[in-house]
Amino acid sequence: MIKKVFGIGLLSFFILGFSLFPGLSVGAEAESAFVDLGRARPYHPLGGELEFLERKKADYQKTLDNLYQQQSFFAELMGKYEQQVEKNILEAERKIEREFQEELDRIEQKLQEKFGEKEKEVKEKTREEIDDFYQELQSKYQQDIAEHISHLNREYRQFREEIRSDYSFEIFNLKLQLQMAQLSDEEREKKEEELEKLEGKKEEALRQRELEISWRMRTITINLRIELERELEEFSNRQEELAQEKIEEIQAERDQERDLVVGELEEKKQKEFEEKKAEIREKSRDEIARTSGRLNEDLAGQVEEIQERIETLQQEIELLKSKIDPDLVELARQLEREEGIQVEMIEPGEFAPGVDLTRKLIELME
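Structure report, in brief. Here the structure is a predicted model, which is why all the values come from computation and not from measurement. (Residues numbered from 1 in each chain as written. Predicted model: local features only at pLDDT ≥ 70, side-chain atom pairs only at ≥ 80, totals over all residues. Heavy atoms only, no water.)

Brief notes about the pattern of salt bridges
Keep this limit in mind: By convention in these notes, a salt bridge is any Lys or Arg side-chain nitrogen within 4 Å of a carboxyl oxygen on Asp or Glu. The helix count covers DSSP runs of H or I at least four residues long, the strand count covers runs of E at least two residues long, and both are numbered beginning at the N terminus. Exposure categories follow from relative accessible area, calculated using a 1.4 Å probe and restricted to protein chains: below 20% of the type maximum is buried, above 50% is exposed, and the middle band is partly exposed.
All chains considered together, the criterion is met by 25 salt bridges. Among the salt bridges present, the one from R281 reaches E86, with a minimum N-O distance of 2.8 Å. With R281 in helix α5 (residues 185-291) and E86 in helix α4 (residues 47-180), the pair connects residues that are 195 residues apart, well separated along the chain. Judged by relative accessible area, which is 28%, R281 ranks as partly exposed. With relative accessibility at 38%, the residue E86 sits in the partly exposed group. Among the ionic pairs, E155 bridges to R209, the shortest N-O distance being 3.0 Å. Here E155 is found in helix α4, whereas its partner R209 is found in helix α5, with 54 residues between them in sequence. A single salt-bridge network, built from bridges that share partners, covers E108, E119, R254, D255 and R258.

Right, here's the structure in full:
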């Protein structure tokens, strides 16, 4: 700013002015004024050259802003490209994961076929052993039943012979009397009643023995059946326990093999993913280098070049201002003398209280 560049001269000028102008003193209250250097400089003889340099600088600044915008667009484009790269990596990971799951399903199916067949063999063998044991028990049961039936049949035949022997003589004698003897009707009827009673007693004794033997046979059959079922249940439980132990061993073997295969598959999947991710990133780097590396370098070079030109122009502008501003300060001194007022020099955008004497200063240069 002019206040900084010419601060010492202005300070001397204002001190001198206070001593020269009548009615003004350090303690006196005076009206202030200002001159806008931005509006005054163009009217200086060197103002056209200054305006040319400032327009040129403004053009370069627009070019620089455009380059910055291109760099920003390029950075945004690279950001989107990186997002696409990450998306491609995610898709590749999902694809590898799907293939991994499909392979897991195939492995599980193969293990099920391999070890499921072993489990099936164990179960079938257990069923066969239980069936064989049941057939043995059934055969033994039939044999025991046959022996008991044979024993009871013999017992019944023996009893029947004893009954016949006990009643045969009396029955035979009564029958003979009825056939051979000259009996009255009353005697015949009496004999017939006796014969009927004897035969009834014999048949009743046989029926009672048959019922007794039938009940004994039923009891024997039930007891044998209960024993058969108990032995079958005990044997079945033992065989199923043994089968379950074998199945658990088969399952443990299957789990061990699955863990080994799945572990290897996990390592393969992770390695494949890391390689695919590296491949995608390497390809993206190559594409960036191939399609945009040169452009980015060119933009950076242009930015640097324009910045250097703007800095050079700014130096030229400041040099030109240093030639123009002393003349404007001298004119401001003249105004102070003419108007009897303190004049402050301000840059564009700055504020100062008081009267604007910029127009009057410009008229002094015209």
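Resuming the write-up.
Some thoughts on the sheet that holds strand β2 (residues 342-346)
Stated precisely, the cut-off is as follows: A strand pair is defined by DSSP finding two or more bridges across the two strands.
Taking strand neighbours across the sheet as the criterion, the three strands line up as β2-β1-β3 in an open arrangement whose pairing is parallel. The open sheet is flanked by β2 and β3 (355-356), the only strands paired with a single partner. In the sheet, strand β1 (residues 32-36) pairs with β2 via five bridges, with the strands oriented parallel. Bridging from a neighbouring strand, S32 pairs with Q342 of β2.

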